[in-house]
Amino acid sequence: MSSQPQPIPQHVAIIMDGNGRWAKARGEERLFGHAAGVASVIRSVEAALAHGVQVLTLYSFSTENWKRPDSEVNGLMRLFVEVIRGHIDLFRRQGVRLRFIGRRDRLPAALVETMDWILAETASFDRLTLVIALDYGGRDELLRAARKLAEEVQSGHLESGAIDEALMSSTLDTAGLPDPELMIRSSGELRTSNFLPWQLAYAEIVVTPTLWPDFGEADFRAALNEFGRRQRRFGGL
Ligand code: IPE
Ligand code: IPE
Ligand code: MG
């Protein structure tokens, strides 16, 4: 080990995958795996705080996940409400501010109310920003941004030539957040599944075979160490 301090990414994004396989391996329903995955969410939040990561984004439900059976979708929506409501004390104690990316128009009213409540409750905290990607899809996000910019051009408030990377970034759901430098995916899948296509353009990707309910501090630390060993060139030499 060198004594050089490791560079810590400001923003870590995680595709939390493998809950269903974890449950199946135990002869349980998929929802049992999702419930077990909540402990890994909390362990990751604590690890992010301990390592001084400033933004943690968790892919919780994709625009494609609506294809799953109603029972699983409804169970997940209820679980999101429960998890958000159940961890207000942790967020307060640790100074965790919540934020959501993705669509709100297709989520159940009880979940949207819970989201608005936790946003208000944690608005003044700044140690860690916990970004929950809910009904999030990168293509959907880019389409919404494109429409918004097109409307501004059409109404004469914006010149098309003024659309640059900074304006595009600030039109996305992640406006104001730094791009993730590290993206972790659990369960071994080598794809990005419509997660943050614009923002991950230069992220380092670490895939671990660990299924999400087994993911813990050691996996988080291992990913940070792997990040520290990567040589980031950004197209230069
Ligand atoms: C990830 O676990 C959680 C969500 C997509 C909500 P999966 O449910 O995708 O688990 P696997 O991939 O089927 O094992
Ligand atoms: C990605 O996992 C979405 C979330 C983790 C919320 P999926 O399990 O839905 O992705 P695919 O189907 O393997 O690409
Ligand atoms: Mg999956």
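In what follows, the structure referred to is the one given above.
Residue positions are given per chain, counting from 1 as you read along its sequence in written order. Here every chain gets a letter starting at A, and every ligand a number starting at 1, in the order they are written. Selection of residues for local features in this predicted model requires a pLDDT of at least 70, selection of side-chain atom pairs for listing and counting requires 80 or more, and totals for whole chains, interfaces and linings are taken over all residues. With hydrogens and water stripped out, all remaining heavy atoms of the structure feed into the side-chain values.

Caption draft 1: Looking closely at the site of ligand 1. Any residue with a non-hydrogen atom lying within 4 Å of a molecule or strand is treated as near it. Taken together, the residues surrounding ligand 1 are Met16, Asp17, Gly18, Asn19, Gly20, Arg21, Arg30, His34, Ser60, Asn65, Arg68 and Leu76. Gly18 is positioned such that a nitrogen or oxygen atom in its backbone is 3.4 Å from an oxygen atom of ligand 1. Under this definition, polar contacts are N or O atom pairs within 3.5 Å; protein pairs additionally need one hydrogen-donor-capable and one acceptor-capable atom, and for neighbouring residues in sequence, both atoms have to be side-chain atoms. Within the backbone of Gly20, an N or O atom sits 2.9 Å from an oxygen atom of ligand 1. In the complex, 87% of the free accessible area of ligand 1, which totals 380 Å², lies under the protein chains. Here the open area of atoms and residues is found with the Shrake-Rupley method and a 1.4 Å probe, where only the protein chains shown may cover a residue.

Caption draft 2: Representation of the site of ligand 2. As a matter of local geometry, ligand 2 sits amid Ile15, Met16, Asp17, Tyr59, Ser60, Phe61, Ser62, Asn65, Arg68, Arg185, Arg191 and Ser193. Between Arg191 and ligand 2, the recorded distance is 2.8 Å, taken from a side-chain N or O atom to an oxygen atom. Within the contact set of ligand 2, an oxygen atom lies 2.6 Å away from a side-chain nitrogen or oxygen of Ser193. A total of 390 Å² of accessible area belongs to ligand 2 in isolation, and the protein chains cover 78% of it.

Caption draft 3: Fine view of helix H5 (residues 109-122). Put simply, DSSP H or I for four residues or longer makes a helix, DSSP E for two residues or longer makes a strand, and each gets a number counted from the N terminus. For a helix, the expected span equals 1.5 Å multiplied by the number of residues minus one. Under the 1.5 Å per step criterion, the end-to-end length of H5 is 20 Å for 14 residues, consistent within 8% with the ideal 20 Å. Accessible area is worked out with a 1.4 Å probe on protein chains only. A residue is then buried under 20% of its type maximum, exposed over 50%, and partly exposed in between. Looking only at H5, the buried set comprises Leu111, Val112, Thr114, Met115, Ile118 and Thr122. Projected down its long axis, H5 carries its buried residues within an arc of 160 degrees, all on one side. Along H5, the residues that are exposed and aim more than 90 degrees away from the buried face are Ala109, Glu113 and Ala120. For H5, the secondary structure elements touched by its buried residues are helix H3 (70-86), helix H4 (88-94), strand S3 (96-101) and strand S4 (128-136). What the arc measures is the spread of directions leading from the helix axis to the C-beta atoms. Contacts are assigned to residue pairs that have any heavy atoms within 4.5 Å of one another.

Caption draft 4: Fine view of helix H6 (residues 138-154). Taking 1.5 Å per residue as the helical rise, H6 with its 17 residues ought to reach 24 Å, and the 24 Å between its terminal C-alpha atoms agrees with that figure. What H6 keeps buried is the set Gly138, Asp140, Glu141, Ala145 and Leu149. Contacts made by the buried residues of H6 are with S4 and helix H7 (165-171). Remark: Gly156 follows H6 within two positions and exhibits a positive phi of approximately 85 degrees.

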